[in-house]
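Residue-level listing of the chains:
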Amino acid sequence: MDPQSAGTANPTGPGAFEEDPEAFRGRAVTTLTTARARTTLLTSCVEEPDLTAQHSPLMSPLVWDLAHIGNQEEQWLLRTVGGQEAVRPEIDGIYDAFEHPRAERPKLPLLPPREARAYAADIRGRVLDVLERTAFHGTRLTEAGFAFGMIAQHEQQHDETMLITHQLRKGPQALTAPDPDPAPLFTGPAEVLVPGGPFTMGTSGEPWALDNERPAHVREVAAFHIDTTPVTNAAYQAFIDDGGYVTERWWTPEGWAHIRRNGITAPLFWRRDGAQWLRRRFGVTEVVPPDEPVLHVCWYEADAYARWAGRRLPTEAEWEKAARFDPATGGSMRYPWGDADPAPEHANLGQRHLRPAPAGSYPAGESPLGVRQLIGDVWEWTASDFLPYPGFRAFPYKEYSEVFFGPEYKVLRGGSFAVDPVACRGTFRNWDYPIRRQIFSGFRTARSAEGV
């Protein structure tokens, strides 16, 4: 638990590695290796033309992501932490995400796939040598190995981005994974009451938490009800069938203008075939499964559905209280199930599957209040703009979070099946434009608890 929360930290939780550098060293190696194995899978399952092509102007060519991963690792771990000379300083500008928008990256002199792979592998070998010699104290970057955790998270975030590119890519199936275990139809309560009162939001003690998750601070949240599970495809189809996309009153003015301008009538990748809906998922066309959480909807669509249902999207603080608050102790946990790191029985994470699990799955991962699937399956849109916490300080560079703060971006929480556990926590914050649909986004709804 966070230092401001009740209870005692799990041995694998915050602070554990400050007292056991070798345990941390092992964790750093494992997370870096796991990330690189996934990067290799995502860039080796297609031929070179698919690596160098831009499959959508919203996304980079896969080969750009591959070399960018290596370049970030070189800049932060090899040069900054290790103090070593630059290996490829001439490519820094090419792989600067702020210097070149995604739509322009195919025009850059990118490293070809073989050279990009060799570069990333060379940097990784040197970084592992640096890791063996690094003391995990003395500077903020090296304390508890933050820099290594930051780079592992960065690579996994780009792996998720590359998986989105695979979903957007036309052509035959290139990736496979087993489906989640079948789950009985969820028959529990439709919503859960979250009591009003203060709770600790954010963290000051999670070693690898990023700057926008910090610091821990107390938030007062009024009582509210929240959906027990994310909104399903079947529930969302009822919104469509009831004229949701042609009824202006459910939409904000900006949302209505957006869907009308772009001819949006259903979630991305859906199409109607007679009386049924089909979707394309990683190169395979299938009937939309009714019990899965709805996927590939933008914030405007989530907000319109919530209005149609007589509800609203939860605020970011409400979402985090539902995910972390333990009424038995009054403290805030790392995850809905407690402080232990995610295990397969807790959540659908890490690209083990290529789809969300049915709504109501993972009872071992539910919160003390009984809310399920808050971690994994689908990113969940919240009502909140992406803003700094009180006492926020940019670290280690303002471009990670600070330049995005403002009303242009909406917050998503909880991760998806595409997110690795190293980049997903009860405090982790994601953000995107309210029009974005290619991301693995869904939502759940809430309502205020009047008189409670």
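The rules behind each value
Residues numbered from 1 in each chain as written. Predicted model: local features only at pLDDT ≥ 70, side-chain atom pairs only at ≥ 80, totals over all residues. Heavy atoms only, no water. Helix = DSSP H or I, 4+ residues; strand = E, 2+ residues; numbered from the N terminus. Rg over C-alpha atoms; globule rule 2.2 N^0.38 Å. Buried < 20%, exposed > 50% of the residue type's maximum accessible area, 1.4 Å probe, protein only. Contact = heavy atoms within 4.5 Å. Lys, Arg positive; Asp, Glu negative; His and termini not counted. Charge placed at Lys NZ, Arg CZ, Asp CG, Glu CD. Salt bridge = Lys/Arg side-chain N within 4 Å of Asp/Glu carboxyl O. Pairing = 2+ DSSP bridges. Expected span 1.5 Å × (residues − 1). Bend = angle between axes of the 7 residues up to and from the residue.

## So, the overall build of the protein chain
Assigned secondary structure in the protein chain consists of nine helices and 14 strands. Computed over C-alpha atoms, the radius of gyration of the protein chain comes to 22 Å, within 12% of the 22 Å expected from 2.2 N^0.38 for 452 residues, which places it in the range of a compact globule. Considering only C-alpha atoms, the protein chain reaches an extent of 60 × 50 × 40 Å along its principal axes. Taken across its 452 residues, the protein chain has 58% of its residues classed as buried. Expressed as a percentage of contacts within the protein chain between residues at least 6 apart in sequence, the contacts between residues at least 24 apart total 77%. Between the mean site of the 46 positive side-chain charges and the mean site of the 60 negative ones, the protein chain shows a separation of 4 Å.

## Quick notes on the pattern of salt bridges
If you walk through the whole model with that rule in mind, you get 35 salt bridges. Arginine 25 is the partner of glutamate 22 in a salt bridge, and the nearest nitrogen-oxygen pair spans 3.1 Å. Here the residue glutamate 22 and the residue arginine 25 both occupy positions in helix H1 (residues 21-44), the gap between them amounting to three residues, near one helical turn. Between arginine 355 and aspartate 179 there is a salt bridge, with its nearest N and O atoms 3.4 Å apart. Within this pair, whereas arginine 355 is found in the loop between strand E9 (331-332) and strand E10 (379-386), its partner aspartate 179 is found in the loop between helix H5 (146-168) and strand E1 (191-194), the two being separated by 176 residues in sequence. When its relative accessible area of 10% is taken as the criterion, arginine 355 is described as buried.

## Some remarks on the sheet that holds strand E12 (residues 430-432)
Sheet strands pair via backbone hydrogen bonds, and the direction of the pair is either parallel or antiparallel. Within the open sheet, the four strands sit side by side as E12-E11-E10-E13. Their pairing is mixed. Both edges of this open sheet fall to E12 and strand E13 (441-442), since each of them pairs with a single strand only.

## Points about the pairing of strand E11 (residues 406-413)
Across the eight residues that make up E11, a large majority, six, are buried. Pairing geometry for E10 and E11, over four bridges, is antiparallel. Residue pairing across strands places tryptophan 381 opposite leucine 412, the latter belonging to E11.

## Some remarks on helix H3 (residues 62-81)
Because an α-helix completes one turn every 3.6 residues, residues spaced three or four positions apart along the sequence face the same direction. The end-to-end C-alpha distance of H3, which contains 20 residues, comes to 27 Å, matching closely the 28 Å that a straight helix rising 1.5 Å per residue would cover. At glutamate 74, H3 is bent by approximately 30 degrees, the largest bend along its length.

## Examining the pairing of strand E5 (residues 270-273)
Bridging between E5 and strand E6 (residues 276-281) involves four bridges; their strand directions are antiparallel. Pairing of tryptophan 270 across the sheet is with arginine 279, part of E6.

## Focus on the environment of isoleucine 91
Of note, isoleucine 91 is situated in the loop between H3 and helix H4 (113-133). On the accessibility criterion, isoleucine 91 (3% relative accessible area) is buried. Sequence-wise, isoleucine 91 and tyrosine 119 are 28 residues apart; in three dimensions their C-alpha atoms are separated by 11 Å. Among residues more than four places away in sequence, those in contact with isoleucine 91 are Asn71, Leu111 and Tyr119.

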